[in-house]
There are 2 protein chains.
Amino acid sequence: MSTLPLLSRRGLSGMMLAALSARATAAQAGDDPLPSWRDGERKRAILDFLAATTTEGDAGFVPPGDRLAVFDNDGTLWVEQPMYTQLAFALDRVHALAPQHPEWQTQEPFRSVLAHDREGLSRAGTRGLVEIVKATHAGMSPDEFHVIVEDWLRQARHPRFGRPYTELIYQPMLEVLALFRARGFRTCICSGGTAEFMRPWTERVYGIPPGNVVGTTFQMSFENGRLLRLPEMDLINDGPGKPVGMSRFLGGLPQAAFGNSDGDYEMLQVVTAGPGRRLGMIVHHDDALREYAYDRQSHFGRLDRALNDAARRGWHLISMADDWSNVFPA
Amino acid sequence: MSTLPLLSRRGLSGMMLAALSARATAAQAGDDPLPSWRDGERKRAILDFLAATTTEGDAGFVPPGDRLAVFDNDGTLWVEQPMYTQLAFALDRVHALAPQHPEWQTQEPFRSVLAHDREGLSRAGTRGLVEIVKATHAGMSPDEFHVIVEDWLRQARHPRFGRPYTELIYQPMLEVLALFRARGFRTCICSGGTAEFMRPWTERVYGIPPGNVVGTTFQMSFENGRLLRLPEMDLINDGPGKPVGMSRFLGGLPQAAFGNSDGDYEMLQVVTAGPGRRLGMIVHHDDALREYAYDRQSHFGRLDRALNDAARRGWHLISMADDWSNVFPA
């Protein structure tokens, strides 16, 4: 027997009112599409941009089919300290492949990697890093590389946070991605990382399908019915390469760009130089407590020139410490 | 005064029945998603493939987000005789640019183009064609090139049909594109033509947005805030370049591929070699009356090796003469 008949009419409507009112409060919280963003200039800039570009009759209106927003990955959507995740992957791959390469025991930069010699690795410089990337990212089919990346991501843990790298993504940016998509924008990645390191997991993690991921690409051959990744880069999708990558892969320029480093300068420049309403935003890592604090002096994700020019070019600086109430998903 | 009251009850219901019956016939015709395809093996192959890949529980089922189909452009979606449309564009551009290049009056292959000397142009061969493409497709921004292409397409007419090139598209293939999209497939172009020659108009003409167009690409630079098309090719998206282009641009391999020439061989090969249900189809131009008849001996769109191997590889040969009740849109 239900307890309902035991309640007085007044009691019942009182409970219903209370329930309705609780629901309304939840609905109000749910109405904030960016709950991890503190109220302020940056949150307002995003919401104003979306209102302008999606309101018919507004001078900034963009037809749904043309709405496009790009996001850098390292340091904009996920953590890039103490080193780029893809570099951590490459170094681990050197260890994994070492048994097949006895010559690496004496050959730089591999010797330094195997000996955990950070000084030696530093001396090898960019040229050394390119050697490492070539040796670890080529010589297999795209499908085989896909499996290698997925296997590594499953077991690898971030040295400070102890979590899988794909959990060290920024909750406020997930909300931005979802909101842009809800407003009819195609959300794309435009990253200096290689496209095929990101494509296996971006849909699961960010809701961005592989075809919307622009990154550095490798040469490939097709022989005997098989695609083979070659140890030569094609496009280096960083700095001035980003406008080239966007034009080549996306078939049009976005109206909004989110980045965090000087490698995003030209992407922000070309996006915000376009006609109509534009949005350029830079994630400024000023939160040593919850994540990291770095800019002009950092080896990874250096932010110097873009920091100097942000105000002049109308790019919004997002303060991770002040603007974000959460950093990572719970 | 309406004539209706003048009709007897019987007369009126007779008219209504006739009207209803006409409607039913129209609805039956409307139910055929491929009305320009004659019933037969090829039409059935398309419908069977779509049924298998979109029916949950079927061994060939493909989740909606993974459904991908590629289409060659020249000779598969639009006419490629008496020469590739992009070559007609390039030759017209040589004439348009000649006043700025007095040296072209004596310099091959440009001299032959300006003198309408087809023999001379033939002698210049592929190397000559590449020179012409470089000279006419580079030295401007992607936006400027976009405008040049659109302007040309507006005024250019096909020498035999006297219609704009963008009207010389195959009605049966438009129906295939629409049907694949209605079944949740992303429809993409994978063409030997350059991506930026197609992107300005593929959405309007085929319903394929620029981001879904894979083609031959040019090198580009970004300097002084401006993208510049350079006279060097990047990827030649033809033959063995097509699997590379699909992997690089689409981020995954399609389940279905439509082509018409040996340049599509490797695309068909890699698509139909994949696991699960696959579809490979070749448009065979055997209709001199309504379009053109050509295969093994043709300069443009040669179909020889793929014609030899089609049966062995399970690729369906579409007979334009027999399988298509219409060729061009009305």
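Nothing here was measured: the structure is a model prediction, and the numbers come from that model. (Residues numbered from 1 in each chain as written. Chains lettered and ligands numbered in written order. Predicted model: local features only at pLDDT ≥ 70, side-chain atom pairs only at ≥ 80, totals over all residues. Heavy atoms only, no water.)

Quick word on the domain arrangement of chain A
All names here are of chain A.
- Segmentation of chain A into domains returns domain 1 (36–81 + 165–323) and domain 2 (85–155).
- On a C-alpha basis, the centres of domain 1 and domain 2 stand 26 Å from each other.
- Each partner contributes to the interface: domain 1 provides 22 residues, whereas domain 2 provides 21 residues.
- At the boundary of domain 1 with domain 2, total buried surface from both sides reaches about 1900 Å², with 67% on carbon and sulfur atoms.
- Interface area lost by domain 1 to domain 2 is led by Tyr165, Phe197 and Arg229, which between them contribute 35%.
- Linking domain 1 with domain 2 are three salt bridges, by the criterion used here. (Domains from an automatic or database assignment. Contact = heavy atoms within 4.5 Å. Buried area = accessible area lost by both parts, 1.4 Å probe. Salt bridge = Lys/Arg side-chain N within 4 Å of Asp/Glu carboxyl O.)

Details of the environment of Ala293(B)
- Tracing the backbone through its elements, the reader meets Ala293(B) in the loop between β7 (279–284) and α12 (305–313).
- Apart from the residues lying within four places of it in its own chain, the contact partners of Ala293(B) are His285(B), Asp286(B), Asp287(B) and Ala288(B). (Helix = DSSP H or I, 4+ residues; strand = E, 2+ residues; numbered from the N terminus.)

Notes on the relation of the copies chain A and chain B
- Relative to chain B, chain A is turned by 180° and slid 0.0 Å along the rotation axis, the superposed coordinates differing by an RMSD of 0.0 Å. One copy is carried onto the other by what is essentially a two-fold rotation axis. When C-alpha positions in chain A are compared against the rotation axis, the closest is assigned to Phe249(A), at 3.2 Å.
- In this assembly the copies share their binding face: 100% of the residues contributing to the interface of chain A also contribute to that of chain B. (Least-squares fit on C-alpha atoms with pLDDT ≥ 70 in both.)

With respect to the packing of aromatic side chains
Residue and element names in this part refer to chain A.
- Enumeration according to the criterion identifies 43 aromatic pairs over all chains in this entry.
- With a centroid separation of 5.9 Å and 90° between ring planes, the pair formed by phenylalanine 180 and phenylalanine 258 is classed as edge-to-face. Within this pair, whereas phenylalanine 180 is found in helix α7 (residues 171–182), its partner phenylalanine 258 is found in strand β6 (residues 256–259), the two being separated by 78 residues in sequence.
- One aromatic cluster is present, formed by Trp37, Phe161, Tyr170, Tyr292, Trp324 and Phe328 through successive ring pairs. (Phe/Tyr/Trp six-rings, centres within 6.5 Å; stacked < 30°, edge-to-face > 60°.)

Focus on the pairing of β6(A)
All names here are of chain A.
- Side-chain alternation along β6 places Ala256 and Phe258 on one buried face and Ala257 and Gly259 on a second face that is also buried.
- Alignment of strand β1 (residues 68–71) against β6, held across three bridges, turns out to be parallel. If you follow alanine 69 over to β6, its bridge partner there is alanine 256.
- When β6 meets strand β7 (residues 279–284), the two strands line up parallel, connected through four bridges. Paired with phenylalanine 258 across the bridge in β7 is methionine 281.
- As a crossover connection, the stretch from β6 through helix α11 (residues 265–272) into β7 is right-handed. (Buried < 20%, exposed > 50% of the residue type's maximum accessible area, 1.4 Å probe, protein only. Pairing = 2+ DSSP bridges. Right-handed = clockwise from strand over helix to strand, strands pointing away.)

As for the side chain of Asn237(B)
- Its location among the elements puts Asn237(B) in the loop between β5 (226–233) and α10 (241–250).
- With residues up to four places along the chain from it excluded, the contact list for Asn237(B) reads Cys190(B), Ser191(B), Gly192(B), Val214(B), Gly215(B), Thr216(B), Lys242(B) and Gly245(B).

Some points on the interface of chain A and chain B
- Across the boundary between the two partners, chain A contributes 26 residues, which contact 26 residues of chain B.
- Sorting the residues of chain A by area buried against chain B places Phe222(A), Arg248(A) and Phe249(A) first, and these three jointly supply 29% of that buried surface.
- The interface formed by chain A and chain B includes two salt bridges.
- Across the salt bridge formed by Asp234(B) and Arg248(A), the nearest N and O atoms sit 3.0 Å from each other.
- Viewed at the interface, chain B and chain A are joined by 10 residue pairs in polar contact (both at pLDDT 80 or more).
- Those elements that place two or more of their residues in the side of chain A that touches chain B are β4 (218–223), α10 (241–250) and α11 of chain A.
- It is α10(A) that provides the largest number of residues to the side of chain A that touches chain B, a total of six residues.
- The residue inventory of the side of chain A that touches chain B, partitioned by class, reads 12 nonpolar, eight polar and six charged. (Polar contact = N/O pair within 3.5 Å; in protein donor to acceptor, adjacent residues only side chain to side chain. Nonpolar A, V, L, I, M, F, W, Y, C, P; charged D, E, K, R; others polar.)

Thoughts on the environment of Phe249(A)
- Mapped onto the secondary structure, Phe249(A) falls in helix α10.
- For the pair Phe249(A) and Cys190(A), spaced 59 residues apart in the sequence, the C-alpha separation amounts to 9.7 Å.
- Aside from chain neighbours lying at most four places away, what touches Phe249(A) is Arg199(A), Val214(A), Thr217(A), Leu235(A), Arg199(B), Gly211(B), Arg248(B) and Phe249(B).

What to know about the sheet that holds β1(A)
Residue and element names in this part refer to chain A.
- The parallel open sheet is built from six strands, whose spatial order is β3-β2-β1-β6-β7-β8. With partners counted over all chains shown, the strands left at the sheet margins are β3 (213–216) and β8 (316–319), one partner each. Here the strands of the sheet are splayed against their neighbours by 20° on average, with no regard to which way each runs.
- Across the sheet, helix α2 (residues 41–54) touches β6, β7 and β8, and the angle it forms with β7 is around 150°. (Axes fitted to C-alpha atoms, helices over the stretch in contact; angles between N-to-C directions.)

Digging into the pattern of salt bridges
Residues and elements named next belong to chain A.
- The final tally for this structure, using the stated rule, is 38 salt bridges over all chains.
- A salt bridge links aspartate 264 to lysine 242; the nearest nitrogen and oxygen atoms lie 2.6 Å apart. Taken together, the residues span a long stretch of sequence, with aspartate 264 in the loop between β6 and α11 and lysine 242 in helix α10 at a distance of 22 residues. Neither residue differs from the other here; aspartate 264 and lysine 242 are each classed as buried.
- For arginine 296, the salt bridge identified is with aspartate 304, shortest N-O distance 2.7 Å.
- On the basis of relative accessible area, aspartate 304 is assigned to the partly exposed category, the value being 27%.
- One continuous salt-bridge network, built from bridges that share partners, spans Asp32, Asp39 and Lys43.

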